[in-house]
Amino acid sequence: MSLPECSASQLAQLIGPNATNAAAAANFICEQFAAVGNKFTDTAFAVDNTYLLFSAYLVFSMQLGFAMLCAGSVRAKNTMNIMLTNVLDAAAGGLFYYLFGFAFAFGAPSNGFIGKHFFGLKDVPTDSFDYSNFLYQWAFAIAAAGITSGSIAERTQFVAYLIYSSFLTGFVYPVVSHWFWSGDGWASAFNTGDLLFGTGVIDFAGSGVVHMVGGIAGLWGALIEGPRIGRFDHTGRAIALRGHSASLVVLGTFMLWFGWYGFNPGSFNKILNAYNSGNYYGQWSAVGRTAVTTTLAGCTAALTTLFGKRILSGHWNVTDVCNGLLGGFAAITAGCSVVEPWAAIVCGFVAAVVLIACNRLAEKVRFDDPLEAAQLHGGCGAWGVIFTALFAKEEYVNQVYPGKPVDLTGFHGWWREAVGGARDSGFGYYRLGQCHHGPLFYFLNKMNLLRISAEDELAGMDMTRHGGFAYAYEDESHKHGIQLRKIEPNASTPTTTDS
């Protein structure tokens, strides 16, 4: 934000020759205008950085949501294990993203594949990046890693998860985010130069970059590990291994919902940007619209899943509704800033159908994902990228991506952007899974570092790997002679036992 340039020579002429010292007066006035202009510039930077920091805090709060969702979706005997993986996503991810990740993602100038500056945040801040950008992107990176923990839950060695999580946050996710979000990326809508296929991919907040990356990683991990013991019987029929706490699932879902208002609207990175100066409509309006489309997509997906699963299973299932809600959020994330609110309802409806279909297919092929993470984030994320190409509004695209004018008029313009975007993203994520996730999990499996033993899996990793269960079933007061009463499910009266 800057004021019109003040010219001392022109101002001196306006003051007139009768003034005692016209030149000095003009210089003084221009200096005051410059000082005021600098204050406005400082205020703009402060407002935008504060907005981005607050968004980063919201996205980071999603780690608590992931932790609660994961804990409630696994059996009680593996609660400590899944909670520890979520904590280490943030801790290990912070160091690796600081050392390598941010540089690989946004270290410009660079090539279309990988960044090569800002290692260890050297030379930060710049006119393009401040520390708030690092914090925000780190929160995204650990969110991608947290997605995969659900797919490989209850059967993965802790060391293997630590290796995978560090590799994803330090290399895989940063490289992908460079492809699609950096100004140098080969498929980035921010890239105003030559792109690999002549067009870029609009993935505003990460249906592909975050959700498909985490979902595809979980897909490869779960495929190579195989299903949990008891998930399918000898005939291939699916047996439900239900999580131990629907309450934690709901709590985690609401925490993720809350954090998504930093995930999607925060991806603008700044809010104080007027599209037309002196007008009520600016980037602050686009931020509000993005929050609205996010809300509508999630709500529609939740209701669609509720009634869809009621028809299929005959039950009103709260965990299914929570997953449907999150599937709608994952899908709208790509196009939340460039579509109309009504289109978000379409996005959420189809996302729920995609999730239900993916879950049915997973059971058919005996694919076991305790949190439906691959289906939810991978399948709904893929739909989100396609949806954006189909429903993006030209006016909004040109406002959000001003350096890349887009023409969506006529069938030819729409077809070029839609097919080009879907092709670019599909090519990128297919190569990602083939070259990164698959080989890593295959190597860990061959080295006997991936899956725990059958004995440990049956007993639960909390006891065999982490020194005890997450829940204390005995009251310490028994040491003082107080008896606890255990309620048996089929007993008519409580029975008293010594604890």
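The model shown is predicted, which means the values in this text are computed figures rather than measured ones. (Residues numbered from 1 in each chain as written. Predicted model: local features only at pLDDT ≥ 70, side-chain atom pairs only at ≥ 80, totals over all residues. Heavy atoms only, no water.)

**Describing the overall build of the protein**
Summing up its helical and strand segments, the protein has 15 helices and 2 strands in all. A total of 499 residues make up the protein; the buried ones form 52% of that total. Counted over contacts in the protein with a minimum sequence separation of 6, partners at least 24 positions apart contribute 73%. Here the protein displays about 22900 Å² of accessible surface, and carbon together with sulfur accounts for 63% of that area. (Helix = DSSP H or I, 4+ residues; strand = E, 2+ residues; numbered from the N terminus. Buried < 20%, exposed > 50% of the residue type's maximum accessible area, 1.4 Å probe, protein only. Contact = heavy atoms within 4.5 Å. Areas by Shrake-Rupley, 256 points an atom, 1.4 Å probe, with all protein chains shown as cover.)

**Considering the side chain of asparagine 317**
Position of asparagine 317 among the secondary structure elements: in the loop between helix H8 (283-313) and helix H9 (318-332). A distance of 2.5 Å separates polar atoms of two side chains, one belonging to asparagine 317 and the other to threonine 319. (Polar contact = N/O pair within 3.5 Å; in protein donor to acceptor, adjacent residues only side chain to side chain.)

**Notes on the packing of H9 against helix H10 (residues 341-364)**
How two helices sit against one another is set out by the angle between their axes and by the gap between those axes. Closest axis-to-axis distance for the H9/H10 pair is 8 Å, and the angle between their directions is 125 degrees. Relative to H10, the element H9 lies oblique. For the pair H9 and H10, the sense of crossing is right-handed. From H9, Asn323, Gly324, Gly327, Gly328, Ala331 and Ile332 reach across to H10, where they touch Ala344, Cys347, Ala351 and Leu355. Among the residues forming the contact of H9 with H10, the class breakdown is 6 nonpolar, 4 polar and no charged. (Axes fitted to C-alpha atoms, helices over the stretch in contact; angles between N-to-C directions. Parallel < 35°, antiparallel > 145°, perpendicular 65-115°, else oblique. Left-handed = near helix turned anticlockwise from the far one by under 90°. Nonpolar A, V, L, I, M, F, W, Y, C, P; charged D, E, K, R; others polar.)

**Description of the packing of aromatic side chains**
Here the structure, examined in full by the defined rule, presents 34 aromatic pairs. With centroids separated by 6.4 Å and ring planes inclined at 15 degrees, the aromatic side chains of phenylalanine 100 and phenylalanine 104 adopt a geometry described as stacked. Of this pair, phenylalanine 100 and phenylalanine 104 both sit in helix H3 (residues 79-106), 4 residues apart, which is roughly one turn of the helix. The ring of phenylalanine 232 has arginine 231 lying over it, and the distance from NZ or CZ to the ring centre is 5.1 Å. Here the guanidinium or amino end of arginine 289 rests over the ring plane of tyrosine 396, the centre of that ring lying 3.6 Å away. (Phe/Tyr/Trp six-rings, centres within 6.5 Å; stacked < 30°, edge-to-face > 60°. Lys NZ or Arg CZ within 6 Å of the ring centre and 35° of its normal.)

**Section: the confidence of the model for the protein**
Low pLDDT marks regions whose predicted coordinates should not be analysed in detail. Taken as a whole, the protein shows an average pLDDT of 85; of its residues, 80% reach a score of 70 or greater. Below a pLDDT of 50 lies the segment residues 409-415, which in the model reaches 7 contacts outside its immediate sequence neighbourhood of four places, other chains included. (pLDDT = per-residue confidence, 0-100.)

**Quick word on a nonpolar patch on the surface**
Together, Leu95, Phe96, Tyr98, Leu99, Phe100 and Phe119 make up a nonpolar patch on the protein surface, roughly 530 Å² of accessible area in all. Position of tyrosine 98 relative to the elements: it lies in helix H3. Looking at tyrosine 98, the relative accessible area reads 34%, which means it is partly exposed. (Patch = residues over 30% accessible without salt bridge, like charges linked within 9 Å, V, L, I, M, F, W, Y side chains within 5 Å. Salt bridge = Lys/Arg side-chain N within 4 Å of Asp/Glu carboxyl O.)

**Some words on the state of the cysteines**
Counted under the stated rule, the structure contains 0 disulfides. No disulfide involves cysteine 336; its sulfur sits 9.6 Å from that of cysteine 347, the nearest cysteine. (Disulfide = S-S within 2.5 Å.)

**Remarks on unusual backbone geometry**
Excluding glycine, residues mostly have negative phi values, and the peptide bonds linking residues are mostly trans. The step from alanine 108 to proline 109 runs through a cis peptide bond, and the omega angle for that step is 0 degrees. With respect to the secondary-structure elements, proline 109 resides in the loop between H3 and helix H4 (131-151). Backbone torsion omega between valine 124 and proline 125 reads 10 degrees, so that peptide bond is classified as cis. One can find proline 125 in the loop between H3 and H4. Despite not being glycine, phenylalanine 118 has its phi angle at roughly 75 degrees, a positive value. By the element assignment, phenylalanine 118 lies in the loop between H3 and H4. Within the chain, aspartate 123 stands out as a residue other than glycine whose phi angle is a positive 70 degrees. For aspartate 123, the position within the fold is in the loop between H3 and H4.

**Structural notes on the environment of histidine 244**
On the secondary structure map, histidine 244 appears in the loop between helix H6 (207-225) and helix H7 (246-263). With a relative accessible area of 29%, histidine 244 lands in the partly exposed category. Sequence separation between histidine 244 and serine 73 is 171 residues, and the spatial gap between their C-alpha atoms is 6.5 Å. Not counting residues up to four positions away in its chain, the partners in contact with histidine 244 are Ala71, Gly72, Val74, Arg75, Ala76, Thr79 and Tyr471. There is a polar contact of 2.9 Å between the side chain of histidine 244 and the backbone oxygen of valine 74.

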